[in-house]
Amino acid sequence: MSPYPVNMSAKPDVRAFFDDATNTISYVVKDPESNACAVVDSVMDIDYAAGRISFDHADAIIKDIRERELDLQWIIETHVHADHLSAAPYIQQQLGGKLGIGANIRVVQETFGKIFNEGTEFQRDGSQFDKLFEDGDTYQVGSMTCFAIFTPGHTPACMVHVMGDAAFVGDTLFMPDGGSARADFPGGDAGVLYDSIQKVLSLPDEMRLFMCHDYGPNGRDIRWETTVGDERRFNIHVGAGKTREEFIKFRTERDAQLDMPRLILPSLQVNMRAGQLPKDQSGRLMLKVPLNGL
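A brief structural summary. Residue indices begin from 1 for each chain and proceed along its sequence in written order. Two thresholds apply to this predicted model, a pLDDT of at least 70 for residue-level local features and 80 or more for giving and counting side-chain atom pairs, whereas whole-chain, interface and lining totals are computed over all residues. Just so you know, side-chain values use all the structure's heavy atoms and leave hydrogens and water out.

1. With respect to the nonpolar core
- Put simply, a nonpolar core is a bunch of buried Ala, Val, Leu, Ile, Met, Phe, Trp, Tyr and Cys residues held in one set by side-chain atoms that sit within 4.5 Å of each other. Throughout this description, buried means an accessible area under 20% of the type-specific maximum (1.4 Å probe, protein chains only), exposed means over 50%, and partly exposed covers the range between. Counting residues in hydrophobic clusters, the biggest one holds 39 residues, and the most contacted among them are Val28, Ile65 and Ile91.
- By the criteria applied, helices consist of DSSP H or I runs no shorter than four residues and strands consist of E runs no shorter than two, each listed in order from the N terminus. Secondary structure elements with two or more residues in this core: strand S3 (36-40), helix H1 (56-67), strand S6 (71-76), helix H2 (88-95), strand S7 (98-102), helix H3 (105-115) and helix H7 (264-271).
- In this view, Ile91 contacts Val39, Ser42, Ala58, Ile61, Ile62, Leu72, Ile75 and Gly96; residues no more than four positions away in its chain are not counted.
- In terms of nonpolar packing, the next biggest core, distinct from the first, is built from 23 residues, Val160, Ala183, Leu193 and Leu209 among them. Contacts: residue pairs with any heavy atoms within 4.5 Å of one another.

2. Digging into the side chain of Asp31
- Assignment of secondary structure puts Asp31 in the loop between strand S2 (24-30) and S3.
- Here Asp31 is in contact with Ala36, Val141, Gly142, Ser143 and Met144, once residues within four sequence places are set aside.

3. A word on the packing of helix H4 (residues 190-201) against helix H6 (residues 244-255)
- Orientation is described by axes fitted as lines to C-alpha atoms, over the contacting stretch for helices, and by angles from 0 to 180 degrees between their N-to-C directions. One way to put it is that H4 packs onto H6 with a least axis distance of 9 Å and a crossing angle of 125 degrees. The angle between H4 and H6 places the two elements in the oblique class. The crossing of H4 and H6 is right-handed. Contact residues: Ala190, Gly191, Val192, Leu193, Tyr194, Asp195 and Ile197 in H4; Arg244, Phe247, Ile248, Arg251 and Thr252 in H6.
- Nonpolar residues are Ala, Val, Leu, Ile, Met, Phe, Trp, Tyr, Cys and Pro. Charged residues are Asp, Glu, Lys and Arg, and all others, Gly as well, are polar. Class assignment for the residues of the contact of H4 with H6 results in seven nonpolar, two polar and three charged. Any angle that is under 35 degrees is reported as roughly parallel, and any over 145 degrees as roughly antiparallel; angles of 65 to 115 degrees are reported as roughly perpendicular and all others as oblique. Should the near helix be turned anticlockwise from the far one by less than a right angle, the crossing is termed left-handed; should it be turned clockwise, right-handed.

4. What about empty space enclosed by the protein?
- For each structure, a 1 Å grid was placed over the protein atoms alone; sets of points admitting a 1.4 Å probe that cannot get out are labelled cavities, open sets with protein on both sides within 12 Å along at least five of seven lines are labelled pockets, and lining residues have an atom within 4 Å of a point. Grid points are joined across faces, edges and corners, and a volume is the space filled by probe spheres set on the points. This structure, assessed with the given rule, holds two cavities of 30 Å³ or more.
- Here the largest cavity is characterised by a volume of approximately 60 Å³.
- Lining the largest cavity, in full, are Val80, Ala82, Val108, Phe112, Thr155, Pro156, Phe185, Pro186 and Leu268.
- A per-class count over the lining of the largest cavity returns eight nonpolar, one polar and no charged.
- Computed from the structure, the second largest cavity encloses a volume of approximately 40 Å³.
- Lining the second largest cavity we find Glu77, His79, Val80, His81, Ser86, Ile101, Phe129, Asn271, Ala274 and Gly275.
- Residues of the lining of the second largest cavity, tallied by class, amount to four nonpolar, five polar and one charged.

Right, here's the structure in full:
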């Protein structure tokens, strides 16, 4: 029996927004009994080479919410993303809602505050967010009682958010033929990631799982929805009874071959600030490039 308040009878409407520049999927999740909704893992567009940001992806989400006359109550970040920039403050400014992330954002802020040589003005207490979720915390999206599951391993602050029969897994899992996320970032741990995945796979077989990323392995079309049952049976990294030791060996060897994500430096600086853009001492928007820091 799950220790979490699972309610498979609530079946939210989930609309996906795919960003092909970062292979990220964002979601608008609507309560089936009201016009309340949540946004999960939004994207701010960046032309890194030109140093320009824009909001086409976020504007599509805002347009959808306004056209359906929805009430945005929560903007959820499943973790501090290393491959895209969050548009949470932009969406919040337009539509309201509370911004939430896992409580271990404070660990991430402390770690990367040092790497980026942030001054004392950079708060490392998570106060940039409206809500810091602990394992098992609940919150409401209209009539739905939603909850967060602490799933570290990819990062120390990863959370899976469950809304009715839909769970938003961040980078903890990929589609069954995509496997799992890397565990070699600062604060990551392959064994801890395996344990976190087992928590997700203990949810009901019929639970819908929604990915944060998909890369179309072996040339297949992009997909982002599966189930707990399919992940348990078919996931190439953890499915079909693969052991913790097997996973740690594979994940460690695999991660050693991976390049850093293209947008990791701007993403971390922005996302640890809840999507706010950093500024220099004169107040200009400015990103840093620490050398040999990662």
